[in-house]
Every structure is written in C-alpha cells, then in structure tokens.
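Listed below, chain by chain, are the residues.
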Amino acid sequence: MTIKINPARLWNDIIESGKIGATEKGGLCRLALSEEDRRVREWFVEACRAEGCEVRFDELGNLFARRAGHRTDLHPIAIGSHLDSQPTGGKFDGILGVLAGLEVVRTFNEHGIKTEHPIEIIDWTNEEGARFAPAMQGSGVFAGVLDKETILSCQDREGRVFGEELERIGFRGDDACGDHPLDSYFELHIEQGPILEAEEKVIGVVGGVQGMRWYDITLKGRASHAGTTPMKMRRDASVAAAEIIVAVNRLAQEIGEGALTTTGVIEAYPNSRNVVPSRVFMTADLRHTRVDALDRMEERLKEVVAAICLQHQVSETLDRLWDSPPVQFDVECVDAVREAAKRGHHPLREITSGAGHDAVHVSRVAPTAMIFIPCKDGISHNEIESATPEHVGAGASVLLEAVLERDHHGS
Ligand SMILES: [Zn+2]
C-alpha cells in the first residue's frame, strides 16, 4: 500500500498559521519570542496534541512533538525547521518544514501506520536571527555549537533579554537543551535560490551546505589634495580597493564551479570629493563546498590584495573574522531522500545549500538530510516569497517516504 500525504490539508495549515503575524503584502512578521511567535507556537502545540503527540520544550524553547513508535528503545526520527520569520518574511521559509512534519504525522494517523521509531516534529527557536543575533540559536545550543548562557542573556535592540522573553511567552522549559538524542533529522525547506525553478526541477536533494569565510580588509594610503597632487605621487586607497573588488570577483572564475565571491561593503575615508582617499574599509565573502577550495581562495585573496597594494603604495590588513566550514549531510539519509524522490517520479537535482539552516547544526549530533522545493523567482526573506501547492505537496511526500525508508532500513 502506498500512503499519500494530503497536499490540500498541508496547504491549508500554511494559510491558517500564516494568519498569525500576517503582513499586508501577504507575508509574515513573526519575530522570535514575540507575541506572534507565542501564538503560532500555541496553535502548533494544539494541532500536535490533537494528533496524539506528546509535546515538550527545552530550556531554549525548542519544541518537540512526539508520536510514539512500536519500540521504546529507539531514538526518534525528527522532522523540523522553524516557525519564526524575518520582519518582512514569507509564509514558507521554515514554516513549511515544521508543518510538513505535522502533515506526515496526520497521514500516519489516518492510515493507522505505526513506525518502529518515534517520530518527532521540531520547531527550533529563533532560526532567523532577526531579533536576537546570531541566527539558528535553538539548534546551535542543541548541537553544542553555541553557548546556552550567552544565548539566554543576549538582548534585542530594545534591550529585552532572550531568556526573559522566552519566559514571558511561556515556552521556557525545564529539559536541558541538547540532552535529547535523535535517530536522524530531516528538514524540508524552500530553496531560497533560483536554481530548481530555472531548471524546472521539483525536488532538490541537498548534499550539504557550502562553507563560508568572511574577511575585513583595511587599506591605508595617504590623504592629499585632489587638485595639487600629481597622479604619480598619489597613494590612493580607493583605486587599490577598486582593483581588489574586480580581483575578488575574478577569483570565483579562477577557482571555477562552486566558488562564490562578494565584496559587499566599501567605505572610503574621508569621503570628500576633492581629497585623495587615505583609507578604505571593505569586506570579502568567499564561499565553496570544499575546504581545500576555500583554503586556495584564501591564499589567492591574500596574494592579490598584497600585489595590488604594493603597486599603489598602499598598506593593508586582512583579517578573517568568520569561518563556517562546509557541511556534508549523512549519505544514508541523503540516499533516502533521493530514492523517495525517484519513486515519486519527481524531477530532481542534486544541490548544495547556499544558505544556513538548523540542519547545519543538527547534522553535528544526528544523521541529517534536507529536501528543497522551488520558490518563485528564487526569492525569500521577502513578503512576496511563494511556492506552489503542487511543489509543497511533492516536498512533503518525499519527506514522508524518506522517513519511512529511514524507519525500515536506517541504523
Ligand atoms: Zn529557514
């Protein structure tokens, strides 16, 4: 017997829950630990209890809704994502992964399917990082990547404290965060990029998440009069910066497929039209799926910056301030997703996530995989973010099949 999720029911959940924190343009403003977050959590808890799930939350407010399995000695197969949003976010980012978990549980109930493992639906606290930085806090503490006390005491821009806000909305639990073993973890998410849509694929089989390194670059030249300093005698920091921007862009071509390079910030000083700039602050963002490629990119970045600065008689400092290594998801879990997509005859594509997700952290403590579906024009973190009911349904079907596969054959 093949059992099928109910796409209309899932779509209805997205629309219904999307009324909590709805914005005029059809999106969401549901910041972590806000009143809207409290309301959507209450909505979700009620929906899960109505399906017979036991709901718990830990000291970071991560929510776990458990459907019992045949065996009590096995850890749960988890399905999750996040219910919070950006201030002008969409109805799908994160929400889809949590509500698809609910739909999987409903489908099991409807068909009287009892899995061997317990199934858990997880809502991770503050994935977006819009109100409290950094992002992915609940899953980060869960996986031991972020420090619990630091997160509980962090403040939003109005000075309100994370731990107190969590308490206020009634979701500060007693369970120790992270003291909660998982058999495996599956996260369904919109791609948040344009690739699947452009290639008319329905399912992205996510092999991992690319690595990322951030650099601060400061160039020091010499301020001088724009009308009296001969060109040959200048030490112009902005000319060096301009060449570095181009060089950073070319670095991606040089390294080839998979490399992404960006200069997102450039600030010239004194920023006066008739002064040769004495100083420039700029950034570089380098991304790749492989550490060896990132190492090579870093080496080349240092070389080109040094060479350009030497030529313009400008001194430079280059600091790496963040290094997020690439993540490879679990081979068996990724296989389960791929096989599920094939069985469902969905056009699929292997893909690497360009954005961070709770799954990045969770993959450190449990075998993990992600499923992507297309989003309209590749746009997200925007109120116009959109996905089709058909793709949402396909994603949830693949999720259900992958979970069953894991339940039958997983370790
Ligand atoms: Zn998300």
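Residues numbered from 1 in each chain as written. Predicted model: local features only at pLDDT ≥ 70, side-chain atom pairs only at ≥ 80, totals over all residues.

J.: What exactly am I supposed to notice about the overall build of the protein here?
T.: Each helix and strand in the protein was counted, giving twelve helices and 16 strands. Taken over C-alpha atoms, the radius of gyration comes to 24 Å for the protein, in line with the 22 Å a tight globule of 411 residues would show. Its C-alpha atoms give the protein principal-axis dimensions of roughly 85 × 45 × 40 Å. Buried residues in the protein amount to 47% of all 411 residues. Pairs at least 24 residues apart make up 77% of the contacts formed inside the protein by residues separated by at least 6 positions. (Helix = DSSP H or I, 4+ residues; strand = E, 2+ residues; numbered from the N terminus. Rg over C-alpha atoms; globule rule 2.2 N^0.38 Å. Buried ≥ 20, exposed ≤ 12 C-beta atoms within 10 Å, placed from the backbone. Contact = placed C-beta atoms within 7 Å.)

J.: Would you mind going over the packing of helix α1 (residues 7–17) against helix α12 (residues 389–409) with me for this structure?
T.: Any two packed helices are characterised by the angle at which their axes cross and by the distance between the axes. Interhelical geometry of α1 versus α12 gives an angle of 110° and a closest axis separation of 9 Å. When the interaxial angle is binned, α1 and α12 end up roughly perpendicular. Of α12, the residues touching α1 (which contributes Pro7, Leu10 and Trp11) are Pro389, Val392, Gly393 and Ala396. In terms of residue class, the contact of α1 with α12 is made up of six nonpolar, one polar and no charged. (Axes fitted to C-alpha atoms, helices over the stretch in contact; angles between N-to-C directions. Parallel < 35°, antiparallel > 145°, perpendicular 65-115°, else oblique. Nonpolar A, V, L, I, M, F, W, Y, C, P; charged D, E, K, R; others polar.)

J.: I tried to follow helix α8 (residues 237–255) on my own but got confused; where do I start?
T.: Residues lying three or four places apart along an α-helix face the same way, a consequence of the helix completing one turn every 3.6 residues. Between its terminal C-alpha atoms α8 stretches 27 Å, which fits the 27 Å expected from 19 residues at 1.5 Å a residue. All of the buried residues in α8 are Ala237, Ser238, Val239, Ala240, Ala241, Ile244, Ala247, Val248 and Leu251. Each element contacted by the buried residues of α8 is listed here: β7 (211–220), β9 (260–262), β10 (266–269), β12 (279–288) and α9 (291–311). Directly after α8, the chain includes Gly256, whose backbone phi takes a positive value near 95°. (Expected span 1.5 Å × (residues − 1).)

J.: Just checking my understanding: could you explain the pairing of strand β6 (residues 203–209) for this structure?
T.: Moving residue by residue along a regular strand, the side chains alternate between the two faces of the sheet. With six of its seven residues buried, β6 lies for the most part within the structure. Of the strand pairs in this sheet, β6 and strand β15 (residues 348–353) are connected by six bridges, and their pairing is parallel. Counterpart to Gly204 in the pairing with β15 is Arg349. Of the strand pairs in this sheet, β6 and strand β16 (residues 368–373) are connected by three bridges, and their pairing is antiparallel. Within β16, the position partnered with Val206 by the bridge is Met370. (Pairing = 2+ DSSP bridges.)

J.: It is not clear to me how α9 should be interpreted in this structure. Could you clarify?
T.: Look at α9: 30 Å from first C-alpha to last across 21 residues, which is about the 30 Å you get at 1.5 Å a residue. Turning to α9, its buried residues number three or more, namely Ala293, Leu294, Met297, Leu301, Val305, Ile308 and Cys309. Within α9, the buried residues cover an arc of 125° as seen down the axis, which keeps them to one side. Those residues of α9 that are exposed and angled more than 90 degrees off the buried face are Asp292, Asp295, Glu299, Glu303, Ala306, Ala307, Leu310 and Gln311. Buried-residue contacts for α9 involve β7, α8, β12 and β13 (315–324). Gln313 sits one or two positions beyond α9 and adopts a positive phi of about 55°. (Arc of directions from axis to C-beta.)

J.: It is not clear to me how the domain arrangement of the protein should be interpreted in this structure. Could you clarify?
T.: Size of an interface, as often reported, equals the accessible area lost when the parts are brought together. On domain assignment, one finds that the protein holds domain 1 (7–209 + 326–409) and domain 2 (218–324). Domain 1 and domain 2 are separated by 39 Å when their C-alpha centres are compared. (Domains from an automatic or database assignment.)

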